[in-house]
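As a plain string of letters, each chain reads:
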Amino acid sequence: MSKTKPFTIPKDLVVEAYKLVKANAGAAGVDQQSLADFDKDLKDNLYKIWNRMSSGTYFPPPVKAVPIPKKQGGERILGIPTVSDRIAQMVVKLVFEPIVEPYFYSDSYGYRPNKSALDAVGVTRQRCWQYDWCLEFDIKGLFDNIDHELLLKAVRKHTDIKWVILYLERWLKAPMQLPDGSLVGRTKGTPQGGVISPVLSNLFLHYVFDAWMTKHHPRAPWCRYADDGLAHCRTEQEALQIRAVLKERFETCKLELHPTKTKIVYCKDGNRKGQYPQTQFDFLGYTFRRRKVRNKKRNSIFISFNPAVSKAASKSMRAETRQRKFRNRVDLEIEEIATLYDPVLRGWMQYYGRYYPSALDPVLGHFNKTLVAWAMRKYKKLDGHKTQAALFIQEIAKREPQLFIHWRKGKVLRFA
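Participant: Help me understand the overall build of the protein, please; the structure alone is not making it clear to me.
Facilitator: Regarding its fold elements, the protein presents 15 helices and 11 strands. Projected onto the principal axes, the alpha-carbon positions of the protein cover approximately 75 × 60 × 40 Å. The buried share of the protein, reckoned over its 416 residues, is 50%. Counting only contacts in the protein whose residues sit at least 6 apart along the sequence, the fraction spanning at least 24 positions is 69%. As presented, the protein carries roughly 21,200 Å² of accessible surface, and 51% of it is formed by carbon and sulfur atoms. On the protein, the mean spot of the 71 positive side-chain charges and the mean spot of the 42 negative ones are 5 Å from each other.

Shown next, in the form of structure tokens:
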């Protein structure tokens, strides 16, 4: 251990952080340095990070502001750190996350080890069967509005490691560089896109919502994934009351409930009677509403409140297929298209096909129709003959079902 370094940070920790950042890939930051560029002088670059962090002289560069479209419209600003800064943040995350993680509640699912969005969807499905009412809430601009003073108070509650606190403070204050090159200082928020931001947002909401809700409303089970959350209630009156106090709670902590995305929903099924304005909600790419369900044991149909892929998610998946422009790629063979796109289809089926998988059929059928359009362009004998092209692709699906995941599972053999 060097006597000249005020902070003891193992070099192996920096190497581990680099490996994790490299595995996650990601775009270049304000310095335009890619991971490939960083690797060209890997040993020296890692040493610089370690040396500066150990000596207390590491100052994060500005984060790069990158606007990305939201599925519901509008834009979200991601703050992309440089490669070096992502590694430095990962060093702190590797130390800080194991300290706070044991304090988090099991019903907090976002950005946590061994938890997933599908876990949150599954537990929500169960609770909608048990509770008639649901309060769906969304925090407006969470990552942009986290109060620094309150957040650092929570950080200091869990650690007294000076270098962890020092660098967390510096990251919170690091400016954002806009597309025109101008710099914007930050007095609140933590960039969505930073390595350390998910841990910090979970810590903040642990005190703002999770622990508060558990203490003050123990009879209303909740589920939260980042800034999206649900609270299950027995009556409409209970849901109204919780919405009112929750609004006050968030305002006290300098956050705001989204006025249009926060609503009270009646989880109507075949047994629950009454007419109410809201009988469905979207959560993590799934729409929860009353649906016909088959009881295989009794060979009967009943009405249940269930999740299935949302219209917005379906629209987004079809748009992605169109953007790939496979219908125009006459230079490719169908095996090459499968190599490029089967992993995407597999991801869709693994996530959106977990619950009520038949709702995903139109998306997979749309992809099949794209292959039909491709065949009509690629083969002159099929040009203008949609039915023959559909039969041509269908024959390939029967002969080589291994090409695409939904073919292998025998699903959606519709091509016209």
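So that's the structure; there's more coming.
Participant: Please clarify how the sheet that holds strand E5 (residues 183-184) should be interpreted in this entry.
Facilitator: Strand order in this open sheet of 4 strands is E2-E1-E4-E5, and the pairing throughout is mixed. Sheet topology places strand E2 (75-80) and E5 at the edges, where each strand pairs with a single neighbour. Summarising the sheet, strand E1 (residues 63-69) and E2 pair through 6 bridges and their orientation is antiparallel. Bridging from a neighbouring strand, Ile68 pairs with Arg76 of E2.

Participant: Mind showing me how you'd approach a positive patch on the surface here?
Facilitator: Taken together, the side chains of Lys315, Arg322, Arg327 and Arg377 present a region of like positive charge at the surface. If you trace the backbone, Arg377 turns up in helix H13 (residues 361-378).

Participant: Is there a simple way to think about the sheet that holds strand E9 (residues 281-283) in this case?
Facilitator: Each strand in a sheet pairs with its neighbour through backbone hydrogen bonds, running either in the same direction (parallel) or in the opposite one (antiparallel). Within the open sheet, the 3 strands sit side by side as E9-E10-E11. Their pairing is antiparallel. Two strands in the sheet have a free side with no partner beyond their single neighbour: E9 and strand E11 (300-309). Put simply, the sheet's adjacent strands are angled 55° from each other on average, direction ignored. Sheet topology note: the strand E10 (residues 286-295)/E11 ladder contains 10 bridges and is antiparallel. By the bridge assignment for E11, Tyr286 is matched with Val309.

Participant: Help me out: how do you make sense of the pattern of salt bridges in this one?
Facilitator: Close approach of charged atoms lets side chains of opposite charge pair. As enumerated under the stated definition, the model contains 16 salt bridges in all. Across the salt bridge formed by Asp44 and Lys48, the nearest N and O atoms sit 3.5 Å from each other. Of the two residues, Asp44 and Lys48 both sit in helix H3 (residues 42-55), 4 residues apart, roughly one turn of that helix. On the basis of relative accessibility, which here comes to 35%, the residue Lys48 falls in the partly exposed class. What emerges from the salt-bridge pattern is a single network uniting Asp342, Arg346 and Arg408.

Participant: How should the nonpolar core be read in this particular structure?
Facilitator: Here is a general trend for soluble globular proteins: nonpolar side chains tend to be buried in one another's company. The biggest cluster of nonpolar side chains holds 65 residues, and the ones touching the most others in it are Met53, Ile87, Val92, Phe96, Trp163 and Phe250. Looking at which element gives the most residues to this core, the answer is helix H9 (residues 197-216), with 9 residues. If we ignore the near neighbours within four places in the chain, the residues touching Val92 are Met53, Trp163, Val164, Tyr167, Leu168, Trp171 and Ile196. The next biggest cluster of nonpolar side chains, apart from the first, holds 55 residues, and it includes Tyr225, Ala313, Leu332 and Tyr341.

Participant: Explain the environment of Phe204 here, please?
Facilitator: On the secondary structure map, Phe204 appears in helix H9. We classify Phe204 as buried; its relative accessible area is 3%. Along the sequence, Phe204 and Ile146 sit 58 residues apart, while their C-alpha atoms lie 7.6 Å from each other. Among all residues touching Phe204, those that are not within four sequence positions of it are Ile146, Asp147, Leu150, Leu151, Cys253 and Leu255.

Participant: Looking at this structure, how should I read the side chain of His232?
Facilitator: As for its placement among the helices and strands, His232 is situated in strand E7 (residues 228-233). For His232, the residues in contact, after removing those within four places along its chain, are Thr124, Arg127, Cys128, Tyr131, Trp133, Cys134, Ala220 and Pro221.

Participant: Teacher, can you tell me more about the pairing of E1 here?
Facilitator: Regular strands place side chains that alternate from one sheet face to the opposite one. Bridge count for E1 against strand E4 (residues 176-177) is 2 bridges, and the pairing is parallel. Of the residues in E4, the one forming a bridge with Lys64 is Gln177.

Participant: What should I look at first to understand the environment of Asn295 in this one?
Facilitator: In this fold, Asn295 is placed in strand E10. Contact partners of Asn295, with chain neighbours within four places excluded, come to Ser300 and Phe302.

Participant: So what exactly am I meant to see when it comes to unusual backbone geometry here?
Facilitator: What you tend to see is this: most non-glycine residues have negative phi, and most peptide bonds are trans. Phi at Asn114 is positive, roughly 60°, even though this residue is not glycine. Inspection of the secondary structure puts Asn114 in the loop between helix H4 (83-100) and helix H5 (117-130). One non-glycine residue, Leu284, adopts positive backbone phi at about 55°. Its place among the elements puts Leu284 in the loop between E9 and E10. The buried category is assigned to Leu284, whose relative accessible area is 18%.

Participant: Before we go on, may I ask you to explain the packing of helix H12 (residues 334-352) against H13 in this structure?
Facilitator: Helix-helix packing: each pair is described by the crossing angle between the helix axes and the interaxial distance. Interhelical geometry of H12 versus H13 gives an angle of 170° and a closest axis separation of 12 Å. In terms of their interaxial angle, H12 and H13 are classed as roughly antiparallel. Where H12 approaches H13, its residues Ile334, Ile337, Tyr341, Leu345, Trp348 and Met349 are matched on the opposing element by Val363, Leu364, Phe367, Leu371 and Trp374. Residues belonging to the contact of H12 with H13 are distributed by class as follows: 11 nonpolar, no polar and no charged.

Participant: Which parts of the structure should I look at to understand H3?
Facilitator: Spanning 14 residues, H3 covers 20 Å between terminal C-alpha atoms, matching the ideal 20 Å at 1.5 Å per step. Among the residues of H3, those classed as buried are Asn45, Leu46, Ile49, Trp50, Met53 and Ser54. One face of H3 carries all of its buried residues, which in axial projection span an arc of 160°. Positive backbone phi, approximately 85°, marks Gly56, located one or two places after H3.

Rules of the game
- Residues numbered from 1 in each chain as written.
- Predicted model: local features only at pLDDT ≥ 70, side-chain atom pairs only at ≥ 80, totals over all residues.
- Heavy atoms only, no water.
- Helix = DSSP H or I, 4+ residues; strand = E, 2+ residues; numbered from the N terminus.
- Buried < 20%, exposed > 50% of the residue type's maximum accessible area, 1.4 Å probe, protein only.
- Contact = heavy atoms within 4.5 Å.
- Areas by Shrake-Rupley, 256 points an atom, 1.4 Å probe, with all protein chains shown as cover.
- Lys, Arg positive; Asp, Glu negative; His and termini not counted.
- Charge placed at Lys NZ, Arg CZ, Asp CG, Glu CD.
- Pairing = 2+ DSSP bridges.
- Patch = residues over 30% accessible without salt bridge, like charges linked within 9 Å, V, L, I, M, F, W, Y side chains within 5 Å.
- Salt bridge = Lys/Arg side-chain N within 4 Å of Asp/Glu carboxyl O.
- Axes fitted to C-alpha atoms, helices over the stretch in contact; angles between N-to-C directions.
- Core = buried A, V, L, I, M, F, W, Y, C linked by side-chain atoms within 4.5 Å.
- Parallel < 35°, antiparallel > 145°, perpendicular 65-115°, else oblique.
- Nonpolar A, V, L, I, M, F, W, Y, C, P; charged D, E, K, R; others polar.
- Expected span 1.5 Å × (residues − 1).
- Arc of directions from axis to C-beta.

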